[in-house]
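Residue strings, one per chain:
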Amino acid sequence: MSQNDRLTCLDCGTPNRVPHDKLGDNPKCGKCGGWLITGKVAEIDPATLQKAAQDTALPLVVDFWAPWCGPCRAMAPQFGMAAERLKGSVRLAKLNTEQHQTVSGRYGIRGIPAMIGFHGGREVGRQVGAMQMPGIVQFASGLTAKAR
Ligand SMILES: [Zn+2]
């Protein structure tokens with residue numbers, strides 16, 4: 001019997017059930033048909049984050065950023081390269097804290113850029129300040145080790 005893991009579509013916010021042994025088969029969202037694992041950085045809103053933070057299939061790392069923040073903009077391409085590198089093990093997303101101002105209070109964010117890792121409904125890691133791609137990969141990889 002294969003175990004089902006939860007993986008929320010970062011495009012439409014629908015939680016999907018994915019058999020654990022099918023995670024490597026490019027699973028698609030049952031609602032919108034989009035890929036659930038893309039290797040790209042998804043732009044998400046707080047509602048999608050609340051659902052995706054509950055996912056058990058893969059950890060989610062969210063980059064909390066804002067357009068006015070220079071270090072955030074400098075980190076964006078590094079974060080994008082890290083997403084490609086981490087495809088299949090960790091999903092990366094970004095959330096615009098200027099557009100969604102309530103999230104900073106909800107997640108206790110005092111400075112940006114801030115990366116928070118979520119898995120199974122828990123915060124599993126946090127890193128404040130801009131990082132290069134290798135540092136982001138190292139941070140995110142550490143979360144999968146904790147998740148198991
Ligand atoms: Zn979808």
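In what follows, the structure referred to is the one given above.
A brief structural summary. (Residues numbered from 1 in each chain as written. Predicted model: local features only at pLDDT ≥ 70, side-chain atom pairs only at ≥ 80, totals over all residues. Heavy atoms only, no water.)

**Notes on the coordination of the zinc ion**
Our working rule: A 2.8 Å cut-off from the metal defines N, O and S donors, relaxed to 3.2 Å for Na, K and Ca; water is not in the atom list, so some sites may appear incomplete. Working rule for geometry: tetrahedral if four donors all subtend angles between 85 and 135 degrees; square planar for four, octahedral for six, if opposite donors exceed 155 degrees and the others stay between 65 and 115; irregular in every other situation.
Cys 9 (SG), Cys 12 (SG), Cys 29 (SG) and Cys 32 (SG) make up the full set of protein donors to the zinc ion, lying at 2.3 Å. Each of the four donor atoms bound to the zinc ion contributes to angles spanning 105 to 116 degrees, and the resulting shape is tetrahedral. Read from N- to C-terminus, the donor residues coordinating the zinc ion fall into the pattern C-x2-C-x16-C-x2-C.

**Focus on the pattern of salt bridges**
To keep things clear, this is the line we draw: One speaks of a salt bridge when a side-chain nitrogen belonging to Lys or Arg is within 4 Å of a carboxyl oxygen belonging to Asp or Glu. Secondary structure is summarised from DSSP: a helix means a run of H or I of at least four residues, a strand means a run of E of at least two, and numbering begins at the N terminus for each. Categorising residues by exposure relies on relative accessible area from a 1.4 Å probe, with only protein chains included: less than 20% of the type maximum marks a residue as buried, more than 50% marks it as exposed, and the intermediate range marks it as partly exposed.
Evaluation of the coordinates by the stated rule reveals three salt bridges. With its nearest N and O atoms 3.3 Å apart, the salt bridge here joins Arg 6 to Asp 55. Separated by 49 residues along the polypeptide, Arg 6 in strand S1 (residues 4–8) and Asp 55 in the loop between helix H1 (46–52) and strand S4 (60–65) bring together distant segments of the chain. For Arg 6, a relative accessible area of 19% corresponds to the buried category. Three or more residues are tied together by salt bridges with common partners; here these are Arg 6, Asp 55 and Arg 91.

**Some remarks on the nonpolar core**
Soluble globular proteins tend to pack their nonpolar side chains together in the buried interior. What counts, and what does not: Among buried residues, those of type Ala, Val, Leu, Ile, Met, Phe, Trp, Tyr and Cys that are joined through side-chain atoms within 4.5 Å constitute a nonpolar core. Two residues qualify as a contact provided that any one of their heavy atoms is within 4.5 Å of a heavy atom in the partner residue.
Core analysis: the largest hydrophobic core is formed by 17 residues, its most contacted members being Ile 44, Leu 49, Val 62, Phe 64 and Tyr 107. Going through the elements one at a time, H1, S4, strand S5 (91–96) and strand S6 (114–119) are the ones with two or more residues in this core. Not counting the four nearest positions on each side in its chain, Leu 49 is found in contact with Ile 44, Leu 60, Val 62, Phe 64, Leu 95, Tyr 107 and Phe 118. One finds Val 61, Met 75, Val 90 and Ala 140 within the second-largest nonpolar core, a separate group that totals 16 residues.

**Examining helix H2 (residues 70–85)**
Put simply, the rule is: Multiplying 1.5 Å by the helix residue count minus one yields the expected span of that helix. One axis is fitted to the seven residues ending at the residue and one to the seven starting there. The bend at that residue is the angle between these axes.
Between its first and last C-alpha, H2 extends 24 Å over 16 residues, near the 22 Å set by a 1.5 Å rise per residue. Along its length, H2 reaches its greatest deviation from straightness, about 35 degrees, at Ala 76, and the proline Pro 77 lies no more than four positions downstream.

**Brief notes about the pairing of S1**
Heads up, the condition is: The rule for pairing is simple: two strands pair if DSSP sees at least two bridges between them.
For S1, the buried fraction is high: four of the five residues fall into the buried class. Note: S1 against strand S2 (residues 15–19), five bridges, orientation antiparallel. Looking across to S2, one finds that Asn 4 is bridged to Pro 19. Linking S1 back to S2 in an antiparallel pair, the connection comprises six residues, with Gly 13 at a positive phi of about 80 degrees.

**Regarding the state of the cysteines**
Rules: We call a pair of cysteine sulfur atoms a disulfide whenever their separation is within 2.5 Å.
A complete count under the given rule lists one disulfide for this structure. Here Cys 69 pairs with Cys 72 through a disulfide, and the sulfurs are 2.2 Å apart. Measuring the twist about the S-S bond at about 80 degrees, one finds the Cys 69-Cys 72 disulfide to be right-handed. Accessibility expressed as a relative area gives 4% for Cys 69, which makes it buried.

**Re the pairing of S6**
With six of six residues buried, S6 lies mostly within the body of the structure. Alternating residues of S6 divide into Ala 114, Ile 116 and Phe 118 and Met 115, Gly 117 and His 119, and every residue in both groups is buried. The sheet contact formed by S4 and S6 spans five bridges and is antiparallel. Paired with Asp 63 across the two strands is Met 115, which belongs to S6. Bridge analysis of S6 against strand S7 (residues 122–128) gives six bridges, and the strand direction is antiparallel. Residue Ala 114 lies in a different strand from S7, and its bridge partner there is Val 128. Between S6 and S7, which follow one another and run antiparallel, lie two residues, and Gly 120 among them has a positive phi close to 60 degrees.

Shape is all these values report; function is a separate question.
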